[in-house]
Amino acid sequence: MAASFKLTDESSDALPNDQDFDLIISDAKLTADTRTEFYDLCLTSRRNALVGVACSTIFSCSCIIAGIVTLAKHGVLGATDMSAVNPSGNLLFLQREILTLALNLIVTLCTESIGLVHGISLRSALASESRLHFNTNLRLLTAARGWYNPNGTLFNGISAVLLIISYSSASLIVCVGWGYDDVAIAIVGTPLLVLGVALLLQGMIALSAIRTVKILTWSSSPFDLTAALVHHTQLTHATSRCMCCVSGLDTDGGPVKPLEIQPSAWHAHPSIRKVIISLWVIVAACAGWAALVTYISHRPSDYGFIPMTPHTWSFLPNLSSSSIWYSMPGVNLEVWILLFVNIAVVQGPLTLGLHCSELIANVIRDERQWRCATGRKGLRTAMNPVKTIFTHPICLVLFVAKPFLHWMFGLSFQISNNIFNEELGMSVVGMNTAQIWNLCIALFIFACLFTFVALCRPCGPQPAAYGHLQTLANLVDEWYPVMWWGHKEDGIPYCHAGTSDHPLPDVKMDCVYAGSGVESLAPLS
């Protein structure tokens, strides 16, 4: 059954409590005079999201316990030896990088689980302030009102710092320690403790956020969210805009003819332009960093830097890799503060750039879901946030790129320590020339791909929405779990396009479309 947009008085009731486990049933006037499910809270997603946060909390507590035990036994500079091999072998470096890559992947899984809950709470917080326009927003750079609001500017800034610290800690936990007689892989206690605390605090902020706002829906689908906003009268269906795309919102929205090619995400979403520009700034900064390190490695130095040559180029660093290095001054806690500051300042832009890239991936995901409405199988309004990672290529690319690019950064910016009796001595910060260039190339490919996706223009007359909620409310005139979009009604002088529970004919390219029952008062655009 389809739900029309004539809502009764009961539809303006207050939002349900987020602990309510019942589906929200609309009291909309129905086409067939029967009640139907207008939208649901998507409790499966709620359960999966909270399970993810719980697993992240368990991992963070494990890191905290292991870090405290190491510090209690060996002090602030304590470390636990994992293995020892002949110094001439490169197998040790491979083992270290495999462990670091696995750790980066775990950190990504934890932060993505926490970010899903935090992002859902942000949507509802913005909706309560009538400031929610798109299904996807820059989670840590878009704030709700209120100084102490968990989705406010202060806690978003804290979350951003904690996110950077999480990946920075992952780069410091596993190190190659140089002792008197051997080389050993060591798990360092202080960064392990810091990682646990950072993940735990992020989880606490996300959980406090969902307790301070009434969640509209746990679904990641823009259609469930749009239906929820329509149900609570925060959005109103504009009948005359049945053929208007998101980029036409600043126009009067009168009768229009269908477009053969739709605008790109670059033109439709203002924040996407900023994200793309930021990615290219990061690429340029990485190239400048690589060029500077290459220049320094070729200059005469008392440290005996290894210059960059074709023979020293490799993907993984080894004992003969081109690099420059400097020792870290200070003792005990001072060393860790300096190490974290050094790595966070360099790694921070990469972490925030990858975080902002979520906007592009999710906006393209929302648009592809909408464009299924003209396909053979139709549009399914439900969306599994875990499944979409593997079914949408751009989401899968981003999910893989996050741990991989952070791991590549760890190959470029490495910390080596002298370890004796499971205690760190002098710390040396090394910058590997070839690995920095490798990171720059990987970032260049990543930026090219996301720029291409953002500039692509969908073909066909179906108006582009890119997850813009008001646009979707205008384009969908009947709601079904599975629906199709197309030509619905001939008229004089205007035709009507909309959605139905069965496949619809293609829209007529030579006809002018407005809404059903719209009179010829608006000028043709």
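Residues numbered from 1 in each chain as written. Predicted model: local features only at pLDDT ≥ 70, side-chain atom pairs only at ≥ 80, totals over all residues. Heavy atoms only, no water.

Novice: Give me the nonpolar core: which residues, what numbers.
Specialist: Ranked by internal contacts, the top residues of the largest apolar core, which has 60 residues, are Leu405 and Phe450. The element contributing the most residues to this core is helix 8 (residues 333-371), with 13 residues. Ignoring anything within four residues of it in the chain, the contact list for Leu405 reads Leu350, Leu354, Leu439, Ala442, Leu443 and Phe446. (Core = buried A, V, L, I, M, F, W, Y, C linked by side-chain atoms within 4.5 Å. Buried < 20%, exposed > 50% of the residue type's maximum accessible area, 1.4 Å probe, protein only. Helix = DSSP H or I, 4+ residues; strand = E, 2+ residues; numbered from the N terminus. Contact = heavy atoms within 4.5 Å.)

Novice: Explain the packing of helix 2 (residues 91-128) against helix 10 (residues 393-412) to me, and be specific about the residues and the numbers.
Specialist: At a minimum axis distance of 9 Å, the contact between helix 2 and helix 10 shows a crossing angle of 140 degrees. Between helix 2 and helix 10, the crossing angle belongs to the class labelled oblique. Two packed elements cross with a definite hand, and for helix 2 against helix 10 that hand is right-handed. For the pair formed by helix 2 and helix 10, the contact residues are Glu97, Thr100, Leu101, Asn104, Leu105, Thr108, Leu109 and Glu112 on the first element and Phe399, Lys402, Pro403, Phe404, His406, Trp407 and Leu411 on the second. Here the residues of the contact of helix 2 with helix 10 are counted per class, giving eight nonpolar, four polar and three charged. (Axes fitted to C-alpha atoms, helices over the stretch in contact; angles between N-to-C directions. Parallel < 35°, antiparallel > 145°, perpendicular 65-115°, else oblique. Left-handed = near helix turned anticlockwise from the far one by under 90°. Nonpolar A, V, L, I, M, F, W, Y, C, P; charged D, E, K, R; others polar.)

Novice: So what's going on with the sheet that holds strand 7 (residues 379-380)? Residues and values would help.
Specialist: A sheet is described by the order of its strands in space; here four strands give the open sequence 7-10-11-12, paired in mixed fashion. Of all the strands in the sheet, just strand 7 and strand 12 (513-514) have a single pairing partner and so form its edges. When strand 10 (residues 482-489) meets strand 11 (residues 495-500), the two strands line up antiparallel, connected through five bridges. Paired with Trp485 across the strands is Thr499, a residue of strand 11. (Pairing = 2+ DSSP bridges.)

Novice: Summarise the packing of helix 1 (residues 43-74) against helix 4 (residues 189-211); cite the residues concerned and give the values.
Specialist: It is the contact of helix 1 with helix 4, at a shortest axis distance of 7 Å, that shows an interaxial angle of 150 degrees. With respect to helix 4, the axis of helix 1 lies roughly antiparallel. Crossing geometry of helix 1 relative to helix 4 is assigned as left-handed. When the residues that make up the contact of helix 1 with helix 4 are grouped by side-chain class, the tally is 17 nonpolar, seven polar and no charged.

Novice: Go over the layout of surface pockets, please, and point to the residues and values.
Specialist: If you add up the space inside the largest pocket, you get close to 940 Å³. As for the largest pocket, its lining consists of 41 residues, and the residues nearest its centre are Glu112, Gly115, Leu116, Glu358 and Asn362. Secondary-structure elements contributing two or more residues to the lining of the largest pocket are helix 1, helix 2, helix 3 (153-173), helix 8, helix 9 (385-391) and helix 10. Here the element with the most residues in the lining of the largest pocket is helix 2; it accounts for 10 residues. Per-class residue counts for the lining of the largest pocket are 19 nonpolar, 16 polar and six charged. (1 Å grid on protein atoms, 1.4 Å probe; cavity = no way out; pocket = protein on both sides within 12 Å on 5 of 7 lines; lining within 4 Å. Points joined across faces, edges and corners; volume = space filled by probe spheres on them.)

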